[in-house]
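Analysis of the macromolecular model
Residues per chain, in single letters:
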Amino acid sequence: MRSLPRPVAVVVGAGGVLGAAHVGIGYALEQRGFVPDMIIGTSVGALNGAIAAAHPDSAAPWLDHVWTQLHRREVYPLGHRLFSRTSVFTDRGLRRLIARAGLPSRIEQLSVPFTAVAMDLVTGSAVLLDHGDLESALLASAAIPGMLPPVDRGGRVLVDGGVIAYVPVLAALQAGAASVVVLSTGPESAPLRPVTPRRRASAIAARAGTLLLHHQIERDLHEVSKRIPTVVLPTGIETWPAPWDFRQAQRLISTASRTAGRFLDGLDVNGPGLYRVDGPSLPSASPGAASTSSTSGVDQ
């Protein structure tokens, strides 16, 4: 990690309940003394990232406690529907989580420069929230359209940044990063396998959504890796829980911590490129292997 050009940005992607894996990767980074120069987060990645920006040397243990004690009703309270047409759930649960995190009121007061990524619901453009009120920035970045209420901020109507930037590496490049370390989770971030979904509406919709996000992630990673070193940390997780199942947080944390640690110990960065397990030049690498692949945007 010391060979990465500075400034180094940690990019924390979306993923809802799968964000528990971010905590495991955070353990691996903290144990190796790594502190980023900036943190860019989307959706749950913005929540985890803001806490890491507030406590860059010790966020993982605190997040571990939160994630392993968390229940669905705390984040998505089914019994408290909003009396409006903007969303199915209230954001009271997220507000309580943010309040308990002991974060400063403003983004500029975080120890590490931080940006939350949201989407402008009118224009469809990505909105980079790097100053001002922190709570509204986090709520906006995590406002899953239709599920949680949009946020009015600075004259804009904002929703979940994962719609436009599921893994916001382009935002890191725009912020001036000379290299990026990516924390992404879920099947959308894994190598694509040919799968024929069951002939059911839910299975077809889920497969289409995975494909949509996968292609967005790959497009953005390859664009950024042509210019700067782009390190994608593996989780080693092959079976992901359902989006509402918080009971498997400990498994996600421990698996990701071990796998990311092995990867970091074998990492060798040499110029711009995409450094990850199971990259295009290592199609047969097993999940969680310590080897890396560099697919430079120059001649590979």
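Predicted, not measured: the structure shown is a model, and the values here were computed from it.

The secondary structure content of the protein amounts to nine helices and 10 strands. Scored against the burial criterion, the 300 residues of the protein give a buried share of 54%. For the protein, the exposed area adds up to about 13800 Å²; of that, 54% sits on carbon and sulfur atoms.

For the structure on display, the rule yields nine salt bridges. A salt bridge links Asp 265 to Arg 32, with the nearest nitrogen and oxygen atoms 2.9 Å apart. In this pair, Asp 265 sits in helix 9 (residues 249-265) while Arg 32 sits in the loop between helix 1 (20-31) and strand 2 (38-42), placing the two residues 233 residues apart along the sequence. Taking the shortest distance from any N to any O, the salt bridge between Asp 91 and Arg 95 comes out at 3.1 Å. A residue is classified by how much of its surface remains accessible, and Asp 91, at 13% relative accessible area, is buried. Given a relative accessible area of 36%, Arg 95 falls into the partly exposed group.

Next up on the list: the side chain of His 22. Along the chain, His 22 turns up in helix 1. For His 22, the contacting residues outside a window of four places in its chain are Val 12, Gly 13, Val 44, Gly 45, Asn 48, Leu 183 and Thr 185.

In this structure, Pro 7 follows Arg 6 across a cis peptide bond, with omega equal to 5 degrees. Along the polypeptide, Pro 7 turns up in the segment before strand 1 (8-12). Despite not being glycine, Ser 43 shows a phi value in the positive range, around 55 degrees. Relative to the assigned elements, Ser 43 resides in the loop between strand 2 and helix 2 (44-54).

On to the packing of helix 1 against helix 9, then. One way to put it is that helix 1 packs onto helix 9 with a least axis distance of 7 Å and a crossing angle of 40 degrees. For the element pair helix 1 / helix 9, the angle class is oblique. Crossing of helix 1 against helix 9: the hand is right-handed. Of the residues in helix 9, those in contact with Ala 20, Ala 21, Val 23, Gly 24, Ile 25, Tyr 27, Ala 28 and Leu 29 of helix 1 are Ala 249, Leu 252, Ile 253, Ala 256, Ser 257, Ala 260, Gly 261 and Leu 264.

The next point concerns the nonpolar core. Residues Trp 67, Leu 103, Phe 114, Leu 138 and Leu 233 are the most contacted members of the largest nonpolar core, which totals 70 residues. Beyond its immediate stretch of four places on either side in the chain, Leu 138 contacts Ala 46, Leu 47, Ala 50, Ile 98, Leu 103 and Phe 114. Of all hydrophobic cores here, the second largest spans 23 residues; its members include Ala 9, Val 169, Ile 217 and Val 224.

So, about the environment of Gly 209. Residue position: Gly 209 is located in helix 8 (residues 201-225). Among the residues examined, Gly 209 registers a relative accessible area of 29% and is labelled partly exposed. Each C-alpha atom of the pair Gly 209 and Glu 188 lies 8.5 Å from the other, and the pair is 21 residues apart in sequence.

Below, the discussion takes up helix 5 (residues 92-100). Taken together, the buried positions of helix 5 are occupied by Gly 93, Leu 94, Leu 97 and Ile 98. Viewed end-on, helix 5 has its buried residues packed into an arc of 135 degrees, placing them on one side of the element.

Turning our attention to the environment of Ile 204. Within the secondary structure, Ile 204 is located in helix 8. Contact partners of Ile 204, with chain neighbours within four places excluded, come to Pro 197, Arg 198 and Arg 199.

Take Leu 221: it is sitting in helix 8. For the pair Leu 221 and Gly 273, spaced 52 residues apart in sequence, the C-alpha to C-alpha distance is 9.5 Å. Dropping the residues within four chain positions of it, Leu 221 is found in contact with Val 169, Val 182, Thr 230, Val 232, Leu 274 and Arg 276.

Once that is clear, we can look at the side chain of Thr 259. Its place among the elements puts Thr 259 in helix 9. A relative accessible area of 3% places Thr 259 in the buried class.

Turning to the packing of helix 1 against helix 3 (residues 59-69), a few remarks are in order. Close contact between helix 1 and helix 3 brings their axes to 9 Å; oriented N to C, the two are set at 155 degrees. Classified by the angle between their axes, helix 1 and helix 3 sit roughly antiparallel to one another. Seen along the crossing, helix 1 lies across helix 3 with a hand that is left-handed. For the pair formed by helix 1 and helix 3, the contact residues are Ala 20, Val 23, Gly 26, Tyr 27 and Glu 30 on the first element and Ala 59, Ala 60, Pro 61, Leu 63, Asp 64 and Trp 67 on the second. Its residues placed into classes, the contact of helix 1 with helix 3 shows eight nonpolar, one polar and two charged.

Thresholds, definitions, all that
- Residues numbered from 1 in each chain as written.
- Predicted model: local features only at pLDDT ≥ 70, side-chain atom pairs only at ≥ 80, totals over all residues.
- Heavy atoms only, no water.
- Helix = DSSP H or I, 4+ residues; strand = E, 2+ residues; numbered from the N terminus.
- Buried < 20%, exposed > 50% of the residue type's maximum accessible area, 1.4 Å probe, protein only.
- Areas by Shrake-Rupley, 256 points an atom, 1.4 Å probe, with all protein chains shown as cover.
- Salt bridge = Lys/Arg side-chain N within 4 Å of Asp/Glu carboxyl O.
- Contact = heavy atoms within 4.5 Å.
- Axes fitted to C-alpha atoms, helices over the stretch in contact; angles between N-to-C directions.
- Parallel < 35°, antiparallel > 145°, perpendicular 65-115°, else oblique.
- Left-handed = near helix turned anticlockwise from the far one by under 90°.
- Core = buried A, V, L, I, M, F, W, Y, C linked by side-chain atoms within 4.5 Å.
- Arc of directions from axis to C-beta.
- Nonpolar A, V, L, I, M, F, W, Y, C, P; charged D, E, K, R; others polar.

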